[in-house]
Amino acid sequence: MKISYRWLARHVDLSGVDPQSVRAELTLSTAEVEGLEPFLPHLADVTVGHVLQREKHPDADKLSLCKVDLGQGEPLQIVCGAPNVRAGLKVAVATVGTTLPGDFRIKKSKIRGVESNGMICSERELGLGDEHGGIWELPSEVVIGQSVARALDAQDWVIEIDNKSVTHRPDLWGHRGIAAELAAILRRPLRPLDTSLPAAGSAAPFPVRVETQLCSRYLALEIDGARATRSPFWLRSLLLAVGQRPIDLLVDLSNFVMLDLGQPNHLFDRHRIGASGIVVRAARADERLTTLDGLERKLEPSDLLICDGPEPVALAGIMGGAASKVTEDTSQLLLEVASFHAATVRRTSSRLGLRTDASARFEKSLDPALPPQAAGHFVRLLQSEQPEVRVAAPPTDVGTWKDTSKIVQVRGTRIRQLLGAEISDDAIADILRRLGFGVDLERECMSVRVPSNRGTKDIGIEQDLVEEVGRIHRYGNIPERELIGALVPPPRDERWARRQLVRRIEDRLAGSARFHQQISYSFVPDTTVERLGLSDVAHVAVRNPIQQGAARVRRSVVPSLIALLASNRRWREEVRLFEVGKGYEPRAAGEPLERHEVALALARTPRKGDARFDDNALSLLQGIVDDVVRSLGLVECTWSKARAPSTWAHPGRAVHACIEGCDGIAAEVAVLEPGVARAFGLVGELESDAALACLSIDTLLVAPQRATRYSALPQFPATRVDVALALPEDKPAAEVRAALERAGKGLVSALELFDVFKGGQLAAGTKSLAWHVVLQASDRTLGEADVKKFLERVEREATALGGQLRRD
Amino acid sequence: MTARPSGPFSFPESCLSSECSSLDLTHRPTPVVPLVAHEFPPMSFDCQAARRLLDEILTALAHAPASDETRALLERLGSFSALSETQFTAAAALETAGLALGSMRLVPKEQRGLVGGKANALKNVAEAALAAEKQHAEEQRLARERAGTGFDATLPPAPLAHGSLHPLTQVTRELEDLFTSMGWTILDGPEVETEFYNFDALNIPGDHPARDTMDTFWVDTAPGAPRLVMRTHTSPVQVRAMQRLKPPFRAIVPGKVFRNEALDASHEHTFHQMEGLVVGRDISVGHLIGSMKTLLRGVFGRDIEIRLRPGYFPFVEPGFELDARCPFCKDGCSVCKRSTWIELLPCGMVHPNVLRAGGIDPEQWTGFAFGLGLSRLVMLRYRIDDIRNLLGGDLRFLEQF
C-alpha cells in the first residue's frame, strides 16, 4: 500500500519531521515500511516559464518559435510543437541538462535549422498522467522561475507499507489512520475533519432492501448536479503519488475518500438504476455479471450482489458492473457506502482472482461507523470543487450493524509483567489516550474504551492493549533479561532418543562411510511414482500442487534419492548419497502414518570382471548397514533374502536385515531394479552398479542394545588355515559358514570369506568358496594334529553339503 | 644365497651369520668384496696387528707334529698370511681365528694355551672390527634413507574420499547444541499436519485473512474428514508441546515447512524453520530480547545489535519482527539491501488463546515464541545466492560442506 507524505500532512502537522523520520517512526511503532521514494523528483528540476512571444517556425507549419522567460537572464528560444502554446501562458520548461522520466535528457538542438534551448512539457512528458493534447498550462498565479514542484506544492514522497503487516488493522488502510498513528507517536494533534452530511433536499430517500446478514450496513445517497470534469491538480497529484490513475472528478473523489478514510464506496449513475431501488442479496447459482474490467464473472451463492431490482449491478465490496458506471454524461449520482461481511468478500475475491483496493479493505473487517463519514467527506469534497452540487434526499441507511466500540479491562501490573518494563499507570494511560482510547483509571484496573475503528477485530482483550502500550513505549526501551529456571535435563523420551540416534547415524554415514547428506522435497513427482510402478499405491496428496504432477507426498525417502542418481552420475564416477527424512502413508481416517527413515544410494561405474566378489554396491551398502547398527551398540543384524522387496529393488538381489529381539525389518538393501534404473536414465555412459538401502529409524529405536562384555585376551597363539570348498552353485554361504563352525568344534575364533569363484577347473554348476579360518583354543597351543582333524571334519561337512574340500 | 643390496658394504650372508665359525676346510677362501678406502669405518680393522697374531699362531703351529691335517691347516692359514693388506680383511681374520680354534686338537698340549690365546685375541679383534663395520654400514644406510633425494613436498596427498553433512544439518546442530546447553528441549512434529494444529489452535480460525498469506498446500482428504495441510510453519508444534509438556518449559522445533509459492532464487515451496517456545511464570518481552541476543551471539560468535518492531501474527500478542544489525557491513550492503538491518525472525508473546488451546492457563503462565528461518540463516552463513540449491541434491553443491 502506497502512502503519500504530503497527504499525511493534510491530517497531522509534519513540520520538522522529514519523510525518513516518518519511515523510522512507523517502522518502530506501527507497520513495516518496505520503501521510501521521492515522487516525480524531476519536477524539482523543471522550471515555471512565461511564454513572452510566439512565432511560427519559418520552415514548419506545425512548429512554433517561442521566447520563454525563466525569471533570470535572457529569455530562452524554444521550439514547441504543441497547438495550445501561446504568448502569456505559464508553462513547465525542462531546460538543457534536465532528465525527464524514461531517462530522456534534454539537449540543446536545432529543429529544422532553428536553435531550441529546452522543452516546454506536456503533463504526460512529466509523468503526470495521460494528458497529451498539448503542453501543460499552469495556473496563472504561479511564480516564474520557481521549480514546478515548489510552485505547485507537488514535492512528495511515497511510503510503501507492507500490506501483510497491517492485515489486522483496518484503520490503517487510509491516510487518516496512518496520520493518527503519527499523531500519537509524535504527540501532535490530529487535524479535525468535517465529515458531516450537508443539508439534504426533500426528495424521498432512495429505496434499498438488504436481504442478507452479510451486509450489515448499506448507505445510499442521491447527489444532484455533479459533473465528471477533470480533477484539480492537487487531487490528481495525490492520486498519482499513491499509484492511482486520475480519471475524472467523480471517480477520483470516490477513490480519494477510500484512500483517505479507508472506506471503499461506489458510484452508480442514478439514471441507470431502476425506480424499484437497490437490493442486496446473495447470488444465485449460475448467475453472471460483467464487471467494470469487462470480464463476465460466473457467480456462486456464496457471493454477495448489489442488484438493480432483479438485475445484478455490482459484486459487493469488490467491483462494480459495467452497465451502471458513471460516465461523462452522468449528472445524478447514487453513492453507495456499505459494510460488507469480511470473509465473504475475501472468499469471492480470492475465488475469482479479483483483488481490488475495495476488497483488500473490506476483508479486514471495516468499522461499520465509517459509511456516513465517508459519504459526508465525499459530498463536502465534491461541493468544494462544484459548489452547485446538492444532496437530493436524506440518506438511506439500513442494516443491522452494531457499534464495535467496547470496554476492555486492563491491569497495569499485567502490562508491566508481560513487557518486562517499568511503565507507570499514568504513562500507560497517556499512551492509550494518544492512540484514541478512552481510559478510566481505577484502583486495580483501567477501563479502556476502544473506539469502533479499533474494535472490529483488532482489539478485544487485555493482551491486545499490551501491544498498544509496548509499541508506543518502544520495544527498544525494554531491558533484556535472562531466562531463569530449574536446572533439569530435558526429558529422555522417544524424541530425544530418536534425535540422538539420527545424529549418530548421520555422523557415521558422513564420516567413515563417506556419504553426502541430501535433504529433498517431501513431494515426489508423478513421473518418479510411475517409473517405480507405484501409481496405484495410495499417497498423501495435496489438492493445489505447485504444478501438475507434483501433488504426491513421498511414502518413503528412497525415491527421492533414486531420482538424483543419473544427474549426479553425469559429474561423478561414484555417487554416495544419504537422506534422513520422513515418509507418509495415508490412512482411511485421520493423520497419515509417519515413518522415519534413512535412505542410502550408491551408484558407480559398473564393476570390472576381476573385481572381488564383494566389491559391489550391494555388498558395500550391507557393510555400511552392519557398521551403522554396530556403531549404535545394537545387537548385530542378520541378513536374509527379501521376501517382498520394494518396487525399486531387484527382485532377485534384495536382502533384509533384521535385529533379533525386535519386530520389523531394520533395513532393506537391494540392487536397483534394472527396469527402474533404465527408466531413471542410468543407461549408456551412465550405466551403473547401483544399490539402495532403507533403514527404519522406527525399528532401530526399539532394537535391543548389544551387551558388551569383556573377554580375556588369548593366552595361546592362534592358527590360521585357509580352506576352499567346491559346492553346488545354489548353496548359501551362510550354510557353509555354519558347517565350518561346526567343524571347528568351538575352536573357530574368526571366519572370513575371501573368495567366491566359478568356472576354471570347476565343474559346471559348482562354485568355490574360500575362507580364512582362525582356530584358537583357550587352554593350549594348537598343533598340526588339531588342524588335520579340523580339515577332516571340514571334508565331511563339505560332503554333507553336496560338495568337497578342494585340495588343489 | 639370498639377494642383498649390492652396495660396497655388502657382506656375504655366511660371514655375518653364526655359521661363519664352523670349520669347513674344503671351502675356498670366501671372495672378499673390495672396499673402497674412504668408506672404511673410522674405527677400522687393525690389519697389521691381526696379521702379527696370525703369524704368531703360524709360528707356534710350526712345532706341531706333522700330519696331513696339520699341513693342510698350515697351508690354509699360510694362504691367508700371504694375502695382501687389503685382502686380509676382518672377515678373513675371523676365518683364520676360527680355523685355529677349530684345530686345537692338532696343537701340542703345551702350546694350546699360547695358540688358543692368540687365536681368541685374533677373533676378538676381527669381531670388534666387523661389529664396527656393521654398525657403520647401518649408519650409512640410515643416513642414505634420511637424505631423501628427489622428494617433492608439493605432491598431492593420497585422495581419501570424504562425506558431508548437509549445511542445514550443520547449522541446525549448532543451534540445537546452543539451546540444549541452556536447558531447552528439542521437539519434532509431523510435516503433514492437521488444520487444527496448523491454524485453529494458533488463533487462526477459518475465515482469518492470515490463512491467505500463508499459501497453504491443502491435503486431499475425504469429504467430512478432518482437514490436513502440509504445515505452513513449525508453529503447530507449539500447541502439541503444550499438550505434552508441563510448564515451565523451553523448546525448539527445527523442521521442514511448506508454502505454495512459485520457485525462484529466493523463494521455495519447501524450506526449513526453527520454532522456539518458552512458557513459564512472568515470562516477558525482556526475556525474549535476552534470549534472541544469546541466539545471535551463538550464531555469529559476537554481540549483534537487535531491534524489535511491531509485526502481526495471530498466534502472538504482541507480535514482533526482529531485525539484526547486518553482520556483514557497517553502512549497507547487498545482504541487508543497504538498510544495515536484516529481517531475521518473527516472534512475540504467546497469545492467550494459544496457551488455552494447549491446556495452559494464561493467567498463571506466559510465554514467548519465535520462528527462525533456518534456510535463510544457512544462506546467510555460506552466502548461498540461490535457495534452490539447498534441496536440489547436486553433489557439486553438497560436497562443498
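None of these values were measured; they are calculated from a predicted model.

(A) Focus on the domain arrangement of chain A. The assigned domain composition of chain A is domain 1 (2–40 + 157–186), domain 2 (42–153), domain 3 (208–398), domain 4 (410–477), domain 5 (494–702) and domain 6 (719–805). Once you take the C-alpha centre of each, domain 1 of chain A and domain 5 of chain A turn out to be 55 Å apart.

(B) Region of the structure containing helix α9 (residues 236–244) of chain B. α9 of chain B sits mainly inside the fold: seven of its nine residues count as buried. Taken as a whole, α9 of chain B has its buried residues at Pro-236, Val-237, Gln-238, Val-239, Arg-240, Ala-241 and Met-242 of chain B.

(C) Molecular detail of the interface of chain A and chain B. Across the contact, 81 residues belong to chain A and 91 residues belong to chain B. Regarding the contact of chain A and chain B, the summed buried area is about 7500 Å², with carbon and sulfur atoms giving 53% of it. For the pair chain A and chain B, the number of links is 14 salt bridges. For the salt bridge of Arg-240 of chain B with Glu-591 of chain A, the shortest nitrogen-to-oxygen distance reads 3.1 Å. Across the contact surface, chain A and chain B share 45 residue pairs in polar contact (both at pLDDT 80 or more). Tallied by class, residues from the side of chain A that touches chain B come to 31 nonpolar, 19 polar and 31 charged.

(D) Geometry of the packing of helix α13 (residues 494–510) of chain A against helix α6 (residues 167–181) of chain B. Here α13 of chain A crosses α6 of chain B at 135°, and the two axes come no closer than 13 Å. Classified by the angle between their axes, α13 of chain A and α6 of chain B sit oblique to one another. Viewed along their axes, α13 of chain A and α6 of chain B form a crossing whose handedness is left-handed. Counted together, Arg-499, Arg-503, Glu-506 and Asp-507 of chain A of α13 of chain A and Thr-169, Arg-173, Glu-176 and Asp-177 of chain B of α6 of chain B form the full contact between these two elements. Per-class residue counts for the contact of α13 of chain A with α6 of chain B are no nonpolar, one polar and seven charged.

(E) Summary view of unusual backbone geometry. The omega torsion across Pro-247 of chain B and Pro-248 of chain B is 5°, close enough to zero to call that bond cis. The omega torsion of the bond from Glu-317 of chain B to Pro-318 of chain B falls at -5°, within 30 degrees of zero and hence cis. Relative to the assigned elements, Pro-318 of chain B resides in strand β8 (residues 316–325). Of note in the backbone geometry, Arg-474 of chain A takes a positive phi value of approximately 85° without being a glycine. Note on placement: Arg-474 of chain A falls in the loop between α12 (462–473) and α13.

(F) Quick look at the pairing of strand β34 (residues 689–696) of chain A. All names here are of chain A. Buried residues dominate β34, accounting for eight of its eight residues. Residues of β34 alternate between two faces, with Asp-689, Ala-691, Ala-693 and Leu-695 on one and Ala-690, Leu-692, Cys-694 and Ser-696 on the opposite face, all of them buried. Pairing analysis gives eight bridges linking strand β30 (residues 593–604) to β34, with the strands arranged antiparallel. Looking at the pairing, Val-598 lines up with Leu-695 of β34. Here strand β33 (residues 667–672) pairs with β34 via five bridges, running antiparallel. Of the residues in β34, the one forming a bridge with Glu-668 is Cys-694.

(G) Examining the nonpolar core more closely. Counting residues in hydrophobic clusters, the biggest one holds 106 residues, and the most contacted among them are Leu-419, Trp-648 and Leu-672 of chain A together with Leu-295 and Phe-370 of chain B. Sorting elements by how many residues they give to this core places helix α10 (residues 285–300) of chain B first, with seven residues. Apart from residues lying up to four places away in sequence, Leu-419 of chain A is in contact with Val-466, Val-469, Gly-470, Tyr-475 and Ile-478 of chain A together with Ser-284, Val-285 and Gly-286 of chain B. If you look at the next biggest cluster of nonpolar residues, it comprises 36 residues, including Ile-505, Leu-634, Ala-667 and Ala-691 of chain A.

(H) View of the pairing of β30 of chain A. All names here are of chain A. Counting buried residues along β30, nine of its 12 residues qualify, which places the element largely inside the surrounding structure. Taken together, the 12 bridges between strand β29 (residues 574–585) and β30 define a ladder with antiparallel strand orientation. Pairing of Glu-579 across the sheet is with Ala-599, part of β30.

(I) Region of the structure containing the packing of helix α10 (residues 412–419) of chain A against α12 of chain A. Residue and element names in this part refer to chain A. At a minimum axis distance of 10 Å, the contact between α10 and α12 shows a crossing angle of 65°. Accordingly, the angle class assigned to the pair α10 and α12 is roughly perpendicular. The two elements α10 and α12 cross, and the hand of that crossing is right-handed. Contact residues: α10 offers Arg-414, Ile-415, Leu-418 and Leu-419, while α12 offers Glu-462, Gln-463, Val-466, Val-469 and Gly-470. Here the contact of α10 with α12 is composed, by residue class, of five nonpolar, two polar and two charged.

(J) Fine view of the side chain of Ser-231 of chain A. Residues and elements named next belong to chain A. Residue position: Ser-231 is located in the loop between β14 (215–224) and α5 (233–241). In terms of polar contacts, Ser-231 uses its side chain to reach the backbone amide nitrogen of Leu-249, at 3.4 Å. Setting aside chain neighbours within four positions, we find Ser-231 in contact with Arg-236, Asp-248, Leu-249 and Asp-252.

(K) Representation of the confidence of the model for chain A. Mean pLDDT for chain A: 93, with 100% of residues reaching 70 or above. Averaged pLDDT values for the elements of chain A fall to 86 in strand β9 (residues 109–111) of chain A and rise to 98 in strand β28 (residues 516–517) of chain A.

(L) Layout of the sheet that holds strand β27 (residues 445–450) of chain A. Residue and element names in this part refer to chain A. Read across the open sheet, the three strands follow the order β25-β27-β26; overall the sheet is antiparallel. In this open sheet, the two strands that pair with only one neighbour each are β25 (406–411) and β26 (438–441). Neighbour to neighbour, the strand axes of the sheet diverge by 25° on average, direction disregarded. Bridge analysis of β26 against β27 gives four bridges, and the strand direction is antiparallel. Within β27, the residue paired with Leu-441 across the bridge is Met-446.

(M) The arrangement of the sheet that holds strand β12 (residues 156–161) of chain A in detail. Residue and element names in this part refer to chain A. With respect to topology, three strands assemble into an open sheet ordered β1-β12-β2, the strand pairing being antiparallel. One side of each edge strand has no neighbouring strand; the edge strands of this open sheet are β1 (2–4) and β2 (33–39). In this sheet, adjacent strand axes meet at a mean angle of 25° when their direction is disregarded. Pairing analysis gives six bridges linking β2 to β12, with the strands arranged antiparallel. Note that in β12 the partner of Pro-38 across the bridge is Trp-157. Relative to β2, helix α2 (residues 19–29) is tilted by about 165°, and along the sheet it contacts β2 and β12.

Conventions adopted
Residues numbered from 1 in each chain as written. Chains lettered and ligands numbered in written order. Predicted model: local features only at pLDDT ≥ 70, side-chain atom pairs only at ≥ 80, totals over all residues. Heavy atoms only, no water. Domains from an automatic or database assignment. Buried < 20%, exposed > 50% of the residue type's maximum accessible area, 1.4 Å probe, protein only. Helix = DSSP H or I, 4+ residues; strand = E, 2+ residues; numbered from the N terminus. Contact = heavy atoms within 4.5 Å. Buried area = accessible area lost by both parts, 1.4 Å probe. Salt bridge = Lys/Arg side-chain N within 4 Å of Asp/Glu carboxyl O. Polar contact = N/O pair within 3.5 Å; in protein donor to acceptor, adjacent residues only side chain to side chain. Nonpolar A, V, L, I, M, F, W, Y, C, P; charged D, E, K, R; others polar. Axes fitted to C-alpha atoms, helices over the stretch in contact; angles between N-to-C directions. Parallel < 35°, antiparallel > 145°, perpendicular 65-115°, else oblique. Left-handed = near helix turned anticlockwise from the far one by under 90°. Pairing = 2+ DSSP bridges. Core = buried A, V, L, I, M, F, W, Y, C linked by side-chain atoms within 4.5 Å. pLDDT = per-residue confidence, 0-100.

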